Structure formats: C-alpha cells, structure tokens
Amino acid sequence: MANYSGREFKVIMGITDIDGTNGDIGDPQNDERFESNSNIDFRVVPPVSDIDFTAGMQRSEIVRAGRRTLAAEDIIQHNGSGSYTWDFSYVADNEMACQNLLNLIYPGDGSVTGDLAIPAAPTVLSYAHGAATGNNRTAVIIISNPEADEDRIMYSSILQNLTISMDMGTDAGIAQLSGQFMSGYKPLIETNTVSAVTTNSDWQYGLFDCTTITIGGSAVTCKSFSLTIDNPAQRVGFQGSSGECDGYVRAGSLSVTGTMSVKLDSTTLDVLTAIYQANAVTPITCGDGGTNISFSLTKCNISGFSPDLADEGAFVEITFTATSGPDASADLATIVMS
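These numbers were taken from a predicted model, which means no experiment stands behind them. (Residues numbered from 1 in each chain as written. Predicted model: local features only at pLDDT ≥ 70, side-chain atom pairs only at ≥ 80, totals over all residues. Heavy atoms only, no water.)

K.L.:
Summarise the side chain of Gln99; cite the residues concerned and give the values.
P.N.:
Within the secondary structure, Gln99 is located in helix H1 (residues 95–105). On the basis of relative accessibility, which here comes to 3%, the residue Gln99 falls in the buried class. A polar atom in the side chain of Gln99 sits 3.1 Å from the backbone oxygen of Met337. (Helix = DSSP H or I, 4+ residues; strand = E, 2+ residues; numbered from the N terminus. Buried < 20%, exposed > 50% of the residue type's maximum accessible area, 1.4 Å probe, protein only. Polar contact = N/O pair within 3.5 Å; in protein donor to acceptor, adjacent residues only side chain to side chain.)

Now the structure itself:
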C-alpha cells in the first residue's frame, strides 16, 4: 500500500455552470461542471481539510430492552438527510479565486468577474432543486486524492461565510480569505475528470497596498483590518429516494462586520465620544482607491473600542457593523479585488 503526503492533496474550486444545461441546483454532471474559466487551482493553506461528512448523516443508537450492549441493528443511520461542510483558509494569489469567492458569498450583478456591492435590500434568489437561473450561484469543490477513484466532489455547495483579513505582521500583509462551504447533496467519491484552467499567481495585494485608510473621512494608521460577510443558507426538506435536500433557502440575515487595529491618537480618540458613545454611523474605507483592492463601508456603526496601551505603541481595536444607514438606502459594502 502506498504512503502519501498531505502535500499530494489539492483543491479545485469553481462556480457551477449556469447556462441552464448542466448548471441546475443538485445536478452532479461532470461534463460541463464549471462556468467558463472559473475552475481554478485553489491553493489553500495546507493541510487540505477533508469534507466533514458527519453532519450529513442522521445517526441514532438505541439499546433495545433485554440487552446491555449494542447490536448492529441498534445503530440507525441515514446518509443524506443532513448537510456537508468544508472549511478553507487561503492566502490570496489569484484574481479569479478571489472573485469566485465574492460572487459566491453574494450573487452580484450576473457576471462572474467584477466588484461586489452588497445592497440595502439583498436579492432573494431561488435555490430550489433543479433551478437554473443566472445568479443563484453555487460552487463545486473538488479535493483531488492521490488514489484516483477517491476524489471528493462537493457540488451545488453554498458559501456560508467569508472573512477577508490583512495584518501587517502576517504573510507580508497579503489578504487572507477563509470561510465555509455547505452542501445538502451527498458529495461524490469517484475519479474527477475536470482540470483547473486558471492557475496563475496574478493577484497578491494586501494591507501595504491600501494607501487610503479612513474612519469618518479622517486618515488613520492601521496595522490590521478584517471584514466578515455572513450569508447563510438552510437546506429545505428532501427529494428523491436518497433523502437529499430540495434545494436551499437563503433569505435570512445578511451581515457585514469587521475589526481594525489603528493607532491611538487624536483622531481615533474622537471615535469614542463622537461616534461610538453617540451611536452614530460613520464611513470606513481601506484600499488603494478602487484599483486592485478596496473595502468601502459608508454607514458603519462602531460596536467596540478597546485600547491596547503596549510599550511598542498605543493602538485601539475598533469593531464595527455595516448598516444601510438611517434611511436604509445605502449599500452595506463595496469590495474590489481585481
């Protein structure tokens, strides 16, 4: 039997083909699995995590009367009546990988590429089993196994949450993206025949590229910035004899929260009284002006103000929640990774 290294496992990630032929929700077909040029070699931080199969099973142990030990028939198990998840951590190196993730956390305007704007009234799309419209995007995650017939193919999966973080003391400040995919369909375990088509390392931007970092329009000195988008989905009932889901519903709360560590000075001290204690909203920006990397949140509520009075410098951690403003008319966030 062969001995394998964890380095031999790799991941392909892409957006499901949405041309209405083989892109239906719940369609496991292999011949047109990906939207054109979206299937990328997803170079996640090793070790590669396997799919968590446990939540996809409903399992019970019932000790029958008259016995003190479990018999085989006392264990009841059904595979397919739950959900399957896969977690990842990725240091950005590819533009398409970043844009895939942005498109999967929120459907955007219909294009696979482009910036992400999360509006005050997020679109509610149909993720019903068999749906094949343009913006109800799902992902295919392929974990390539050294044993050819043991590849994992997690199809029609939903990106539940996405965190984008940058820290000047970690990986040269390059943007790191992490999150969790979920599927209500049993992952396939078979030989994958699809190869990645976009493999270039063509996008490595981060905190040191962000020449404009402001709170309330005033420039601040920042050593870390993090933004989390939560857009969860729930599986709906079941269909077919296998008990797999009848699609998803994605109509719950969509939230955008974040944190930034900035130098404690006259500007940030004003945040405590003028914004945080006053329960006011303020714009927060972090980026290069929108060319390659940019995060713009126009109506933020400051939810925390925690000074760190260390010998190497006084900083303060400011946490915030993006809102649509007093009149619920502003976008929660606009993100550029291009």
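K.L.:
Outline the sheet that holds strand E7 (residues 127–128), listing residues and values.
P.N.:
What holds strands together in a sheet is hydrogen bonding between their backbones, with the strands either parallel or antiparallel. Strands sit in the order E7-E16-E15 across an open sheet of 3 strands; the sheet is antiparallel. Edge positions in the sheet fall to E7 and strand E15 (234–235), since each has one partner strand and no second. (Pairing = 2+ DSSP bridges.)

K.L.:
Tell me about the pairing of strand E20 (residues 313–322), and name the residues and values.
P.N.:
With 7 bridges connecting them, strand E17 (residues 255–263) and E20 associate as antiparallel partners. Counted as the bridge partner of Gly258 is Phe320 from E20. The pairing of strand E19 (residues 293–310) with E20 spans 10 bridges and is classified as antiparallel. Looking at E20, one finds that Asp308 is bridged to Phe315.

K.L.:
Residues and numbers for the environment of Asp311, please.
P.N.:
Residue position: Asp311 is located in the loop between E19 and E20. A sequence separation of 95 residues divides Asp311 from Gly216, and the C-alpha atoms of the two residues are 27 Å apart.

K.L.:
Pulling in residues and values, what's your account of helix H2 (residues 266–276)?
P.N.:
Among the residues of H2, Thr268, Val271 and Ile275 are the ones counted as buried. Down the axis of H2, the buried side of the element spans an arc of 55 degrees, and every buried residue falls inside it. Looking at the buried residues of H2, the elements they touch are strand E12 (212–215), E17, strand E18 (281–287), E19 and E20. (Arc of directions from axis to C-beta. Contact = heavy atoms within 4.5 Å.)

K.L.:
Quick one: what's the story with the nonpolar core, residue by residue and with numbers?
P.N.:
Counting residues in hydrophobic clusters, the biggest one holds 66 residues, and the most contacted among them are Phe42, Trp86, Phe88, Phe181, Phe225, Val256 and Met260. Take this core: its biggest share by element is 7 residues, from H1. When neighbours within four sequence positions are excluded, Trp86 is seen to be in contact with Val11, Phe42, Val44, Ser49, Asp50, Ile51, Ile141, Ile143, Met154, Gly179, Gln180 and Phe181. Within the second largest apolar cluster, 16 residues are counted, among which are Ala131, Ile153, Tyr155 and Cys245. (Core = buried A, V, L, I, M, F, W, Y, C linked by side-chain atoms within 4.5 Å.)

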